[in-house]
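# Results of the structural survey
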Amino acid sequence: MQWEVVIGLETHAQLSTQSKIFSGSPIRFGAAPNTQASPVDLALPGVLPVLNKGAVERAIQFGLAIGATIAPRSVFARKNYFYPDLPKGYQISQFELPVVQGGRVPFMLEKDGKPELRTLQLTRAHLEEDAGKSLHEDYAGMSGIDLNRAGTPLLEIVTEPDMRSAAEAVAYAKALHSLVMWLGICDGNMQEGSFRCDANVSVRPAGQSAYGTRCEIKNLNSFRFMEDAINYEVRRQIELIEDGGTVVQETRLYDPDRKETRSMRSKEDSQDYRYFPDPDLPPLMISAEWIERVRAAMPELPDAMRQRLIADYGLSEYDAVILTQSKAMAAYFEAVVASAGVTQAKAAANWLMGDVASAVNREGIDIADVPVGAEQLALLLQRIADGTISNKIAKDIFATMWEEKAGDAGAADRIIEAKGLKQISDSGALEKIVDEVLAANAKSVEEFRAGKEQAINALIGQAMKASRGKANPAQLTELLKKKLKG
């Protein structure tokens with residue numbers, strides 16, 4: 001039987017406020033347990049929550065960035081359930097009237113080896129508070145409760161169940177991760193829990209319109225774990241059904257050591273939480289004027305920058321999407337072009353998506369931390385353009401600059417001079433190299449003259465080798481063709 005996978009994601013983005021969503025307690029990762037919990041966070045009798053304006057404005061920013069509807073009136077509700085790290089016995093969240101409704105997130109997905117731009121429809125994004133944390137180590141066989149995270153402001157972002165593979169889910173999650181960091185509303189630190197995803201996974205026979213029974217995989221805090229967990233869960237559900245079993249709606253955890261999901265608890269439906277409006281919090285009213293003030297203070301959005309890069313620099317849509325996947329990448333690109341000139345825009349894009357991206361991935365660092373500055377790369381591109389060095393030699397120079405981690409803007413010229421890497425463009429010197437290569441490779445010459453035009457590639461390779469990679473490739477190729485046909 002052919003199966004179709006159905007995936008929806010719920011992402012919790014910790015908002016970058018200085019204090020919690022309903023109290024003035026600070027938010028600092030790694031603080032000693034229970035040192036950042038006020039009477040409001042501890043749910044002591046008589047305390048009242050006060051909404052953090054900064055959290056609301058970050059939610060508005062996100063809504064504007066995805067083209068969503070910002071609700072003029074939204075309501076906070078109590079989500080009732082018992083857990084030791086939830087001191088009130090309920091979580092303040094939003095249910096029927098969330099602050100952000102609808103919206104779309106574009107992302108790039110590789111399909112059949114080719115990049116494809118897709119867009120995912122969101123259902124909603126709502127504000128809520130985080131719970132505390134149960135600690136099970138170093139407590140002499142007992143568990144401890146740390147309420148430092150209790151009340152931390154979260155924006156829960158919920159998609160429609162429109163994804164059909166783990167790869168698609170990861171591509172969307174990466175795009176969302178980039179967007180919230182671009183806006184500055186979340187630091188995106190997955191290791192610290194600032195950005196974590198829950199995946200709702202089900203399978204159904206191909207062609208069936210009704211959804212299968214879903215299982216929720218909680219708190220996936222890395223993109224690799226997300227892909228592994230979803231793929232495992234899909235296999236588990238298909239094998240279970242094909243063996244005559246039934247998928248049970250439940251919440252599951254992913255064990256990265258065993259690379260499998262395991263049951264955590266039965267999955268509740270919304271009615272089980274007995275939502276009702278929180279009587280301590282009035283409805284959240286957002287005026288059109290407030291929305292416009294937030295819009296005016298926002299940075300240029302990725303979509304707008306993509307269109308500008310295409311219009312101003314003649315880049316392809318694919319190039320523009322890749323360069324705007326992170327704010328740091330986009331800033332680096334524009335800094336290189338500002339120094340090298342607009343004519344070098346395409347070359348700059350190619351280098352950032354090629355050699356720079358490869359080095360960043362290899363070193364496991366962020367693009368903002370690359371040791372080769374924008375001015376250094378710009379000069380390297382200029383030396384390729386003016387014929388001083390070949391593209392091949394430029395790659396070696398780039399590797400040297402990366403290793404040196406030197407900050408001088410003139411590093412490319414310094415390395416070219418010190419290593420004698422200037423490209424040979426003198427026609428007399430090139431002609432001497434070509435004559436020697438033709439004399440030493442009579443068979444390739446004969447094959448070319450017999451109509452096998454690709455034979456010239458071997459001759460070009462020999463000539464470049466003879467020049468130690470310094471020959472101007474364009475001039476060399478033209479000279480070889482002239483002599484072979486003469």
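The structure contained in this document is the topic of the report that follows. (Residues numbered from 1 in each chain as written. Predicted model: local features only at pLDDT ≥ 70, side-chain atom pairs only at ≥ 80, totals over all residues. Heavy atoms only, no water.)

So, about the state of the cysteines. Evaluation of the coordinates by the stated rule reveals 0 disulfides. Here C186 stays free of any disulfide, with the sulfur of C197 as its closest cysteine sulfur at 10 Å. Among the residues examined, C186 registers a relative accessible area of 4% and is labelled buried. Cysteine C215 remains unbridged, with the sulfur of C197 as its closest cysteine sulfur at 18 Å. Judged by relative accessible area, C215 falls into the buried class, the value being 0%. (Disulfide = S-S within 2.5 Å. Buried < 20%, exposed > 50% of the residue type's maximum accessible area, 1.4 Å probe, protein only.)

What follows is about helix 5 (residues 288-296). Within the span of helix 5, buried status applies to W290, I291 and V294. Seen end-on, helix 5 carries its buried residues on one side only, within an arc spanning 100°. Summarising the geometry of helix 5, the exposed residues directed more than 90 degrees from the buried face are A288, E289, R293 and A296. Those residues of helix 5 that are buried lie in contact with helix 2 (53-65), strand 2 (69-70) and strand 17 (284-285). (Helix = DSSP H or I, 4+ residues; strand = E, 2+ residues; numbered from the N terminus. Arc of directions from axis to C-beta. Contact = heavy atoms within 4.5 Å.)

Turning our eyes to something else, we now look at the pattern of salt bridges. Counted according to the given criterion, the structure contains 28 salt bridges. Here D130 and R149 are joined by a salt bridge, their closest N and O atoms 2.8 Å apart. Note that D130 is positioned in the loop between strand 8 (114-129) and strand 9 (133-135) and R149 in the loop between strand 10 (144-146) and strand 11 (153-159), a separation of 19 residues in sequence. Where R262 meets D255, a salt bridge forms, and the shortest distance between an N and an O atom there is 3.2 Å. Members of the salt-bridge network, linked through shared partners, are E233, R236, E250 and R252. (Salt bridge = Lys/Arg side-chain N within 4 Å of Asp/Glu carboxyl O.)

Between helix 14 (residues 442-449) and helix 16 (residues 473-485), the least distance of the axes is 10 Å, while the angle of their chain directions is 75°. The orientation of helix 14 with respect to helix 16, classified from their angle, is roughly perpendicular. Together, V445, F448 and R449 of helix 14 and K483, L484 and K485 of helix 16 make up the contact between the two elements. Among the residues making up the contact of helix 14 with helix 16, the classes are represented as 3 nonpolar, no polar and 3 charged. (Axes fitted to C-alpha atoms, helices over the stretch in contact; angles between N-to-C directions. Parallel < 35°, antiparallel > 145°, perpendicular 65-115°, else oblique. Nonpolar A, V, L, I, M, F, W, Y, C, P; charged D, E, K, R; others polar.)

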